[in-house]
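# Observations on the three-dimensional arrangement
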Amino acid sequence: MTTLKAKLQEDLNTAIKARDELRSSTLRLTLAAIQKEEVAGKVKRELSEDEAQKVLAREAKKRREAAEAFALGGRAESAEREKAEGEVLAEYLPKQLSDDELKAIVTQAVDEAKAAGAEGPRAMGQVMKIVNPKVAGLAEGGRVAAAVKQALAG
């Protein structure tokens, strides 16, 4: 089984040969972010698949946020570029949960928290503790928090 990092490197080489500038620059930046993470701290180490996924998700989120910022600033060309880079990265991320799937997980977690005696807005922390491990990498934190708030309010 090839690692995520090896797959990114392979695809980067393919993109360079194909003269695909968007893909090659996006993959190059992402590999740099992974390598930076590997040398952060006292000892250089190889990232686990989960850690590499987290770096990739963080990079994809940066692209989404930058695309929104450029769009609001009236810089459509830059926004399109960021969006396109985000789509390249999305190919390497696990498929995100649909709203219905997320809602089902959150509802179950709210029920668990209620059974443990936590209710209302104060239960947010407890519900998030139950939900986060189940949705790690499959849904963005903001989406999860919004779904939990909505479930607790309802």
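Before reading further, recall that the structure is shown in the block above.
Structure report, in brief. (Residues numbered from 1 in each chain as written. Predicted model: local features only at pLDDT ≥ 70, side-chain atom pairs only at ≥ 80, totals over all residues. Heavy atoms only, no water.)

## Observations concerning the overall build of the chain
Helix and strand counts for the chain come out as seven helices and zero strands. Overall, the chain shows an N-to-C arrangement of helices and strands of α-α-α-α-α-α-α. The C-alpha atoms of the chain give a radius of gyration of 19 Å, which is well past the 15 Å a tight globule of 154 residues would have. Its C-alpha atoms give the chain principal-axis dimensions of about 60 × 45 × 30 Å. In the chain, which comprises 154 residues, the proportion classed as buried is 34%. (Helix = DSSP H or I, 4+ residues; strand = E, 2+ residues; numbered from the N terminus. Rg over C-alpha atoms; globule rule 2.2 N^0.38 Å. Buried < 20%, exposed > 50% of the residue type's maximum accessible area, 1.4 Å probe, protein only.)

## Digging into the nonpolar core
One finds Leu-102, Val-127, Val-131, Val-135, Val-144 and Val-148 to be the most contacted residues of the largest nonpolar core, which totals 20 residues. Within the residue set of this core, elements represented by two or more residues are helix H5 (99–115), helix H6 (124–135) and helix H7 (141–153). If one sorts the elements of this core by residue count, H5 sits on top with six residues. Residues in contact with Val-144, not counting those within four places in the same chain, are Leu-102, Met-128, Val-131, Asn-132, Val-135 and Ala-139. Counting residues in each nonpolar core, the second largest holds 16 residues, with Leu-8, Leu-31, Ala-52 and Leu-56 among its members. (Core = buried A, V, L, I, M, F, W, Y, C linked by side-chain atoms within 4.5 Å. Contact = heavy atoms within 4.5 Å.)

## With respect to the pattern of salt bridges
The tally for this structure, following the rule as stated, stands at 15 salt bridges. Of the charged contacts, one joins Asp-20 and Arg-23 as a salt bridge, the two residues approaching to 4.0 Å between their closest N and O atoms. In this structure, Glu-80 engages Lys-83 in a salt bridge whose closest nitrogen and oxygen atoms are separated by 3.9 Å. Here Glu-80 pairs with Lys-83, and both are found in helix H4 (residues 76–90), just three residues apart, close to one helical turn. For Glu-80, a relative accessible area of 48% puts it in the partly exposed group. The class of Lys-83 is partly exposed, set by a relative accessible area of 44%. (Salt bridge = Lys/Arg side-chain N within 4 Å of Asp/Glu carboxyl O.)

## Focus: the packing of helix H2 (residues 21–39) against H4
For the pair H2 and H4, interaxial distance at closest approach is 10 Å and the crossing angle is 70 degrees. Relative to H4, the element H2 is oriented roughly perpendicular. Along this stretch, H2 crosses H4, giving a crossing that reads as right-handed. Touching Glu-21, Leu-22, Arg-23, Ser-25, Thr-26, Leu-27 and Thr-30 of H2 are Arg-81, Ala-84, Glu-85, Val-88 and Leu-89, all from H4. Considered class by class, the residues forming the contact of H2 with H4 number five nonpolar, three polar and four charged. (Axes fitted to C-alpha atoms, helices over the stretch in contact; angles between N-to-C directions. Parallel < 35°, antiparallel > 145°, perpendicular 65-115°, else oblique. Left-handed = near helix turned anticlockwise from the far one by under 90°. Nonpolar A, V, L, I, M, F, W, Y, C, P; charged D, E, K, R; others polar.)

## As for the environment of Gln-9
The residue Gln-9 is located in helix H1 (residues 4–17) in this model. Sequence separation between Gln-9 and Thr-30 is 21 residues; the distance between their C-alpha atoms is 9.9 Å.

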